[in-house]
Amino acid sequence: MNISLRQLRAFVAVAQSSSFSRAADALALTQPAISRNVTDLEQAMGLLLLHRTTREVELTEAGRLLLGNLSRVLEDLDACLLEVQGLATQRKGRVKVASSPTLSANLLPQCIARGRQQSPGVNIQLLDRIQSDVLLSVRSGEVDFGVVIDPSEKQDLHAQTILTEPFCLVCLSSHGLARKKEVHWAQLAGESLVLLDHASGSRRLIDAALQAHGAAASVVQEVGHTATIYSMVQQGLGLSVVPRLAIPAAWAARTATTAAAGSAALVSRALVPKVQRSIMLVKRQQRELSPVAHLVWDLIAEEAVGLLGQ
């Protein structure tokens, strides 16, 4: 049965006003257009819905039955369309974001807090996962989008770089390299290193930088979280290379002579030449974000820009 919404609305307008001319005025159509729509509806249904005379229009039994049910259906449809249309401007709903551990710890909490302040109706649900699992979550549609380190394979993804940050050295304040303002990558040759494991998006960049600058260091521990790295470095197990975002602000100001707690204090030093990682928002290439998910996407991008004073 080929029935259009225009035909149904025309029939309801005529039935409620008992007039083709009044129905035409109400729907901003011509009277012939109203008449044609009602006639096409009757032909499609195989039923006469209206008795037409020169003076009035009356409903048939079939017309009364259709009007009784159709008026409610059209009201529900109009309400539904208004609700859906309102999604374009509303600021409420759940947004699922997947993020790798370093970013989950050092970027996303302030984004979630800001989102709660600016848009209380938006519920940002964070999935804290290793980078490979973040990318799987994005590609499968489990999450709206992800926050990752620049992935090596992203042809099927739409990616937006929101932040670039350098890698830094972390060591005890008693270590000889702590006396330097900057440390060359080559000076890590022969050192014992505690690094993020290969599940991290940063590890391939660190390995590439060490190789490029001839720093044949010994990787003595590979772990999943920077908190574990710091504990190991503090116990004298080695040095580390971590992204600047993961370093507490107070460490950068410490020197070998001013660091508190003597040899137990950790310091960070800039590594040169500067090697940077790119932090990106990623979503499926052909997937459009909902308005509320796009709101969170923009919020994270804005928060990242201000995070390192960029």
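Residues numbered from 1 in each chain as written. Predicted model: local features only at pLDDT ≥ 70, side-chain atom pairs only at ≥ 80, totals over all residues. Heavy atoms only, no water.

Our working rule: UniProt positions are given in the numbering used here, feature names are shortened, and annotations may be inferred rather than shown by experiment.
Going by what an unreviewed UniProt entry lists, the protein is known as HTH-type transcriptional activator CmpR and is assigned to Comamonas testosteroni. Here the protein is described in UniProt, under the heading Sequence similarities (unreviewed entry), as follows: "Belongs to the LysR transcriptional regulatory family."

1. Thoughts on the side chain of Lys283
Worth spelling out the cut-off: A helix here means a DSSP run of H or I that spans at least four residues, while a strand means a run of E at least two residues long, and both kinds are numbered starting from the N terminus. For the exposure calls, accessible area comes from a 1.4 Å probe over protein chains only, and a residue counts as buried if that area is under 20% of its type's maximum, exposed if over 50%, partly exposed in between. Think of it this way: Lys and Arg go in the positive column, Asp and Glu in the negative one, and His and the chain ends go nowhere. Salt bridge, as used here: a side-chain nitrogen of Lys or Arg that lies within 4 Å of a carboxyl oxygen of Asp or Glu. Residue contacts are counted whenever heavy atoms from the two residues lie within 4.5 Å of one another.
For Lys283, the position within the fold is in strand β12 (residues 276–284). With no salt bridge to any partner, buried Lys283 finds its closest opposite charge in Glu288, at an N-O distance of 4.9 Å. Those residues in contact with Lys283, other than ones at most four positions away along the chain, are Val138, Asp144, Phe145, Leu157, His158, Leu289 and Trp297.

2. Remarks on the packing of aromatic side chains
Worth spelling out the cut-off: The pairing test for Phe, Tyr and Trp rings, Trp by its six-membered ring, is centres within 6.5 Å, and the orientation test on the planes gives stacked under 30 degrees, edge-to-face over 60, and tilted for anything in between.
For the structure on display, the rule yields 1 aromatic pair. For the ring pair Phe145 and Trp297, a centre distance of 5.2 Å and an interplane angle of 65° mean the geometry is edge-to-face. Pair noted here: Phe145 is in strand β5 (residues 145–149) and Trp297 is in helix α11 (residues 291–307), with a separation of 152 residues, a long-range link. A single burial state applies to Phe145 and to Trp297, both of which are buried.

3. As for the pairing of strand β8 (residues 192–196)
Let me state the cut-off plainly: Consider the strands pointing away from the viewer: the crossover is right-handed when the path from the first strand over the helix to the second runs clockwise.
In terms of burial, β8 is largely enclosed, as 4 of its 5 residues are buried. With respect to chirality, the unit in which β8 leads through helix α8 (residues 203–212) into the neighbouring parallel strand β9 (residues 218–223) is right-handed.

4. Side note on the UniProt feature "domain: HTH lysR-type" (unreviewed entry) in the protein
When the UniProt feature table is mapped onto this chain numbering, "domain: HTH lysR-type" (unreviewed entry) sits at residues 3–60. Taken end to end, residues 3–60 comprises 62% helix and 10% strand; its first and last C-alpha atoms sit 19 Å apart.

5. Points about the pattern of salt bridges
Evaluation of the coordinates by the stated rule reveals 10 salt bridges. Of the charged contacts, one joins Arg287 and Asp144 as a salt bridge, the two residues approaching to 3.8 Å between their closest N and O atoms. Residue Arg287 is located in the loop between β12 and α11, and its partner Asp144 is located in the loop between α7 (131–140) and β5; the two are separated by 143 residues in the primary sequence. Taking relative accessible area as the criterion, Asp144 reaches 15% and is therefore assigned buried. Linking Lys154 and Asp150 is a salt bridge whose minimum nitrogen-to-oxygen distance equals 2.9 Å. Salt bridges sharing partners connect three or more residues here, namely Arg114, Glu302 and Glu303.

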